[in-house]
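Residue-level listing of the chains:
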2 protein chains.
Amino acid sequence: MSVVAQLRDALSDIVDTTPEALEAARADASGHRSDGPPLAVVHARTVADVQATMRIATATKTPVVVRGAGTGLAGGANAGAGEIVLSTARMTRILEILPDDLLAVVEPGILNADLNAALASHGVWWAPDPASRAISTVGGNIATGAGGLLCAKYGVVRDAVLGVDLVLADGRLLRLGHRTVKGVTGLDLTSLVIGSEGTLGVIVGATLKLRRTVEGEICTLTASFPSVREAAVASACVTASGVQPAIMELMDGESLAAVHALLDLPAPAPGTAQLTIQTDGASAAADADRIAEVLRRAGGDVDVTHDLDEGERLLRIRRSMHAAMASLGTTLIEDVSVPRSALPAMFDEIARIEQAYGIRIPTVAHAGDGNLHPNFIVDGPEVPERIWEAAGELFRGALRLGGTLTGEHGVGTLKSRWLADELGDDQWELQRQIVRAFDPLGILNPGKVFARA
Amino acid sequence: MSVVAQLRDALSDIVDTTPEALEAARADASGHRSDGPPLAVVHARTVADVQATMRIATATKTPVVVRGAGTGLAGGANAGAGEIVLSTARMTRILEILPDDLLAVVEPGILNADLNAALASHGVWWAPDPASRAISTVGGNIATGAGGLLCAKYGVVRDAVLGVDLVLADGRLLRLGHRTVKGVTGLDLTSLVIGSEGTLGVIVGATLKLRRTVEGEICTLTASFPSVREAAVASACVTASGVQPAIMELMDGESLAAVHALLDLPAPAPGTAQLTIQTDGASAAADADRIAEVLRRAGGDVDVTHDLDEGERLLRIRRSMHAAMASLGTTLIEDVSVPRSALPAMFDEIARIEQAYGIRIPTVAHAGDGNLHPNFIVDGPEVPERIWEAAGELFRGALRLGGTLTGEHGVGTLKSRWLADELGDDQWELQRQIVRAFDPLGILNPGKVFARA
């Protein structure tokens, strides 16, 4: 019996082989696609569905690509020929909300935004905040380690997940982690699963660490600078001042112009770069005043608003970046991260590469935490080798500054060629061996993360 | 050539075989000892010393026990016959302090207190705060995942470590983790090493995530209750109120009486239990007032002081617990952790076990995070089987309440018999396989953590 027939036999109507479903599973939000359609998409409703799928995959040695909402930006969930797609997007239940213990237990398919909508009435929230939060799943968020805008103040994903339920390649279910603030029983496999991009198992549940709703107002600042370097220096000054904004986003001239064009806003003066900053909590207004002072001394043209809607409108400009880039062509979005004080030096590096390669690299940055998203725009579906070379230089520049290849998007297919450069061969090999302990047959997301160029 | 001769040949005067050194390495602060003296203690000064030691250990298949200051409470650093002790206590340098990037790079032997003394003038601090912080090393803190008093507000160890330099069993050096706020390159091996208790490699350096010094005053509250259950309920009410204290410690009647006796303080009324709470930051005074109100409504006799020295004096009572217990006999310190709202139920469980076994179990708790330290006091060096049984019941009670075997002390030798009960056999076996990927010969801290009863 074929793999698809076995899946149908076990799971009947949740096995989807319509051409639309197979085609959709070939690509994520990066715009890059696999080389061909997968075998089938299994729309799991329960942990048992996931286990049944994995048992068939193991028995038949068939590769499995786990997918949430497909909003990834590194090609990690792109499924190709001969592969089973295991979607957890329909597993959307919230199983527990315990505000006094600041924890919630959820299924992986719930969207970040839906989760926070449900948590709000309990006076709590879950901090991870990728730009795609309205349409991305908690499971995908955990699988990639996707961060977002709030990380400097409110932490990264590993700070916000206490436990993970994981179905192994052979279908066994493991419950990793704790429901307690503290817990050091054995090795921290929960952290190992966070950011593992579908290579260790299928996340079928998560115990999330919540925060209490932040009281007080939200203030939003924008500051314009004649050049991106001046904006980057100003953001470093804000960080050094010791005032902690909730959000501090930077857009360079190219990015700002592209988004303004997309949103039909008046064109900014050429080269104008912008910082968009939010403060929150009891000291929001005082913090905004101190930050405004720092920005003005750094040469910024500063506006401050205490109006929430106006603040959201201003942030929307930043959040429209990905759409603006996609409207220009196929984008290769980089995701380097550097220590915060190195942000100006990283922008110098980008300018150098632009000059050397005769290209533009529109760049936005989560300036509060040192994470940059430089965008390479190419015509057609293939990334030319010369652009890969420029991307390689960008990455090596980040490494020289004490940085990393990927701050939040993950390695997927688009960055696997550089993984060993950052980890070193010894660590790369050790990580591979750890993956083998979870997945001896190598059926979980093969060709991703640990594939070598 | 014997193992010791090989060590001397490679490392000369840092190889210590004096009877005092060998005897000291048999025990940690738990008071439990190994069955005999180890071969030698190597006092490593450099990463190269560690690598040389591990190469000899691998070549001769000799077990290695890594030690810091020996303040562990689970026997994890106790070295026995035929083993090399590798001490990193002399590797005490601070290599970098970068306040703008909120990070420091240190060697493992530096004491927590010395580190924070050095950081203070830069306006930053490192949050992990075990009760032993004045005498315990950062490396040991990371190796055990030791928490402390501040975890509910300021996080656990994995929230405070960005990277670890690790020497593998065969002497190779790996640099794990990042210097950036965000980083998701491959698997998070840094988190895997945190709390791994010397089973994965030797921590020879760490990149620490710092916090800015908390501004504002510190307020200290004490509240007395007629019984421990009332104190536990009151602490749960504080947590549920949404006010976040920096510290919230609970002492039961037995503990309070024992410490008062040790410190020559007037004896409290029999059964009196006490909460000691500190608030800090901009809203310290207002938070203290709100907490005092909650405690009074819960039936507490409440005192509040804004005086720092008086606050330290009050906390000293809590910090003297371990000395008070040690003065009564050999202690078996348990370390269960439960969701915060389950604290009163866990005290009921302890009372039930006291009754069933006809023993007293003096208990203190980090009530702010749900971590309890029940103490079994025994005569002589051996723990009777009946006490192990009572400890087993305690642990199963914690599990039933959604809790864990160890919140911060680690598994070591004293808790390994229950590890598989919490992890399940499948996860226990998987963790063993991961350890093997790091240490194929099984020479790193054998017989600890993953030893089965």
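Residues numbered from 1 in each chain as written. Chains lettered and ligands numbered in written order. Predicted model: local features only at pLDDT ≥ 70, side-chain atom pairs only at ≥ 80, totals over all residues. Heavy atoms only, no water.

- Naming follows an unreviewed UniProt entry, where chain A appears as FAD-linked oxidase C-terminal domain-containing protein of Microbacterium istanbulense.
- Recorded in UniProt under Cofactor (unreviewed entry), the annotation for chain A is "FAD". (UniProt positions renumbered as here; feature names shortened; annotations may be inferred.)

## Some details on the overall build of chain A
Now for step 1: Each helix and strand counted, chain A has 16 helices and 18 strands in total.
Now for step 2: Its C-alpha atoms give chain A a radius of gyration of 22 Å, near enough to 22 Å, the size a compact globule of 453 residues would have.
Now for step 3: A principal-axis box enclosing the C-alpha atoms of chain A has dimensions of 70 × 55 × 45 Å.
Now for step 4: Of all 453 residues assigned to chain A, the portion counted as buried reaches 60%.
Now for step 5: Contacts spanning at least 24 positions in sequence make up 73% of the contacts within chain A whose residues lie at least 6 apart.
Now for step 6: Taken together, the 39 basic and 55 acidic charged side chains of chain A have centroids lying 4 Å from each other. (Helix = DSSP H or I, 4+ residues; strand = E, 2+ residues; numbered from the N terminus. Rg over C-alpha atoms; globule rule 2.2 N^0.38 Å. Buried < 20%, exposed > 50% of the residue type's maximum accessible area, 1.4 Å probe, protein only. Contact = heavy atoms within 4.5 Å. Lys, Arg positive; Asp, Glu negative; His and termini not counted. Charge placed at Lys NZ, Arg CZ, Asp CG, Glu CD.)

## Section: the environment of R297 of chain B
Now for step 1: The topology assignment puts R297 of chain B in helix 10 (residues 284-297).
Now for step 2: Measuring from C-alpha to C-alpha, the distance between R297 of chain B and A234 of chain B comes to 8.6 Å, with 63 residues separating the pair along the chain.

## Brief notes about the UniProt feature "domain: FAD-binding PCMH-type" (unreviewed entry) in chain A
Now for step 1: Per the UniProt record, "domain: FAD-binding PCMH-type" (unreviewed entry) is annotated on residues 34-213 of chain A.
Now for step 2: Regarding residues 34-213 of chain A, the helix share stands at 22% and the strand share at 25%, and the terminal C-alpha atoms are separated by 41 Å.

## Some points on the pattern of salt bridges
Residue and element names in this part refer to chain A.
Now for step 1: What the rule picks out here adds up to 46 salt bridges over all chains.
Now for step 2: The shortest N-O distance in the salt bridge between D348 and R229 comes to 2.8 Å. Taken together, the residues D348 in helix 13 (residues 343-357) and R229 in helix 8 (residues 228-241) connect sequence positions 119 residues apart.
Now for step 3: Residue R229 is classed as partly exposed on the basis of its relative accessible area of 37%.
Now for step 4: Here R352 makes a salt bridge to E349, at a shortest N to O gap of 2.8 Å. Residue R352 and its partner E349 are both found in helix 13; the two are separated by three residues, about one turn of the helix.
Now for step 5: For R352, a relative accessible area of 37% puts it in the partly exposed group.
Now for step 6: Taken together, the shared-partner salt bridges connect E349, R352, E393 and R400 into one network. (Salt bridge = Lys/Arg side-chain N within 4 Å of Asp/Glu carboxyl O.)

## Topic: the domain arrangement of chain A
All names here are of chain A.
Now for step 1: Domain boundaries assigned for chain A yield domain 1 (1-213) and domain 2 (219-400).
Now for step 2: A straight line from the C-alpha centre of domain 1 to that of domain 2 covers 30 Å.
Now for step 3: The interface of domain 1 with domain 2 comprises 13 residues on the first partner and 19 residues on the second.
Now for step 4: Interface of domain 1 and domain 2: buried area, both sides summed, is about 1300 Å²; carbon and sulfur atoms make up 52% of it.
Now for step 5: There are one salt bridge connecting domain 1 and domain 2.
Now for step 6: Of the charged contacts, one joins D280 and K153 as a salt bridge, the two residues approaching to 2.7 Å between their closest N and O atoms.
Now for step 7: Here the side of domain 1 that touches domain 2 is built from residues that sort into seven nonpolar, three polar and three charged. (Domains from an automatic or database assignment. Buried area = accessible area lost by both parts, 1.4 Å probe. Nonpolar A, V, L, I, M, F, W, Y, C, P; charged D, E, K, R; others polar.)

## Observations regarding the interface of chain B and chain A
The extent of an interface is frequently quoted as the accessible surface area lost upon association of the parts.
Now for step 1: Every contact between the two is made by 75 residues of chain B and, on the other side, 74 residues of chain A.
Now for step 2: Between chain B and chain A lies a buried interface of about 5800 Å² when both sides are counted; carbon and sulfur atoms form 57% of it.
Now for step 3: By the criterion of area lost to chain A, the three top residues of chain B are R158, K182 and L187 of chain B, representing 15% of everything that side buries.
Now for step 4: Where chain B meets chain A, there are ten salt bridges.
Now for step 5: Of the charged contacts, one joins D159 of chain B and K209 of chain A as a salt bridge, the two residues approaching to 3.9 Å between their closest N and O atoms.
Now for step 6: The interface formed by chain B and chain A includes 33 residue pairs in polar contact (both at pLDDT 80 or more).
Now for step 7: Those elements giving two or more residues to the side of chain B that touches chain A turn out to be helix 6 (151-154), strand 8 (161-167), strand 9 (173-177), helix 7 (189-193), helix 8 (228-241), helix 15 (416-423) and helix 16 (425-438) of chain B.
Now for step 8: Ranked by residue count, the leading element in the side of chain B that touches chain A is helix 16 of chain B, at nine residues. (Polar contact = N/O pair within 3.5 Å; in protein donor to acceptor, adjacent residues only side chain to side chain.)

## Thoughts on the relation of the copies chain B and chain A
Now for step 1: Rotating chain B by 180° and translating it 0.0 Å along the rotation axis places it on chain A, where the RMSD comes to 0.0 Å. Between the two chains, the operation in question is that of a two-fold axis. (Least-squares fit on C-alpha atoms with pLDDT ≥ 70 in both.)

## Section: the sheet that holds strand 8 (residues 161-167) of chain A
Residues and elements named next belong to chain A.
Now for step 1: Overall, antiparallel pairing links the five strands, which are arranged 5-6-10-8-9 in an open sheet. Strands at the two margins of the open sheet, each flanked by one partner only, are strand 5 (94-98) and strand 9 (173-177). Averaged over all adjacent pairs, the angle separating strand axes in this sheet is 10°, with direction ignored.
Now for step 2: Relative to strand 10 (residues 202-209), strand 8 runs antiparallel, the two being bridged by six bridges. (Pairing = 2+ DSSP bridges. Axes fitted to C-alpha atoms, helices over the stretch in contact; angles between N-to-C directions.)

## Quick look at the packing of aromatic side chains
Residues and elements named next belong to chain A.
Now for step 1: Counting across every chain of the model gives eight aromatic pairs over all chains.
Now for step 2: Between W388 and W418, the aromatic rings sit 5.9 Å apart at their centres with planes inclined by 55°, giving tilted as the arrangement. Here the residue W388 occupies a position in helix 14 (residues 385-400), and W418 occupies one in the loop between helix 14 and helix 15 (419-423), the gap between them amounting to 30 residues.
Now for step 3: By relative accessible area, W418 is classed as buried at 5%.
Now for step 4: Seen from the ring of W388, R417 lies directly overhead, with NZ or CZ sitting 4.1 Å from the centre. (Phe/Tyr/Trp six-rings, centres within 6.5 Å; stacked < 30°, edge-to-face > 60°. Lys NZ or Arg CZ within 6 Å of the ring centre and 35° of its normal.)

## Examining the nonpolar core
Now for step 1: Of all hydrophobic cores here, the largest spans 82 residues; its most connected members are I142 and I434 of chain A together with I142 and I434 of chain B.
Now for step 2: Aside from chain neighbours lying at most four places away, what touches I142 of chain A is W126, V157, V161, V164, V193, I194, G195, I203, A206 and L208 of chain A. (Core = buried A, V, L, I, M, F, W, Y, C linked by side-chain atoms within 4.5 Å.)

## Some thoughts on the side chain of E107 of chain B
Now for step 1: Mapped onto the fold, E107 of chain B is located in the loop between strand 6 (103-106) and helix 4 (112-120).
Now for step 2: Those residues within four positions of E107 of chain B in sequence are excluded, and the remaining contacts are M91, T92, R93, L95 and V204 of chain B.

## Let's talk about the sheet that holds strand 13 (residues 247-251) of chain B
Residues and elements named next belong to chain B.
Now for step 1: Taken in spatial order, the seven strands make up an open sheet running 15-12-14-13-17-18-16, and their pairing is antiparallel. Looking at strand neighbours, the two that pair on one side only are strand 15 (301-305) and strand 16 (330-333), the edges of this open sheet. Averaged over all pairs of adjacent strands, the angle between their axes in this sheet comes to 15°, without regard to strand direction.
Now for step 2: Here four bridges tie strand 16 to strand 18 (residues 371-378), and the two strands are oriented antiparallel to one another. Following the sheet pairing, T331 is matched in strand 18 by I377.
Now for step 3: Packing of helix 10 onto the sheet brings it into contact with strand 12 (219-225), strand 14 (273-279) and strand 15, and relative to strand 12 it is tilted by some 5°.

## Considerations on the packing of helix 8 of chain A against helix 13 of chain A
All names here are of chain A.
Now for step 1: Contact pair helix 8 / helix 13: the axes reach a minimum separation of 8 Å and the direction vectors enclose 160°. Of the possible angle classes, the one that applies to helix 8 and helix 13 is roughly antiparallel. Every pair of crossing elements has a handedness; the one defined by helix 8 and helix 13 is right-handed. Every residue of helix 13 that contacts helix 8 at V228, R229, A232, V233 and S235 is listed here: L343, P344, F347 and D348.
Now for step 2: Counted by class, the contact of helix 8 with helix 13 contains six nonpolar, one polar and two charged residues. (Parallel < 35°, antiparallel > 145°, perpendicular 65-115°, else oblique. Left-handed = near helix turned anticlockwise from the far one by under 90°.)

## Some remarks on helix 10 of chain B
All names here are of chain B.
Now for step 1: Under the 1.5 Å per step criterion, the end-to-end length of helix 10 is 20 Å for 14 residues, consistent within 8% with the ideal 20 Å.
Now for step 2: Taken residue by residue, helix 10 has A284, D287, A288, I291, A292, V294 and L295 as its buried positions. On an axial view of helix 10, the arc spanned by its buried residues comes to 165°, and they lie on one face. The outward face of helix 10, more than 90 degrees from its buried face, is lined by the exposed residues D289 and R297.
Now for step 3: Lining the buried residues of helix 10 we find strand 12, helix 8, strand 14 and strand 15.
Now for step 4: Backbone geometry just downstream of helix 10 places G299 in the positive-phi region, at approximately 95°. (Expected span 1.5 Å × (residues − 1). Arc of directions from axis to C-beta.)

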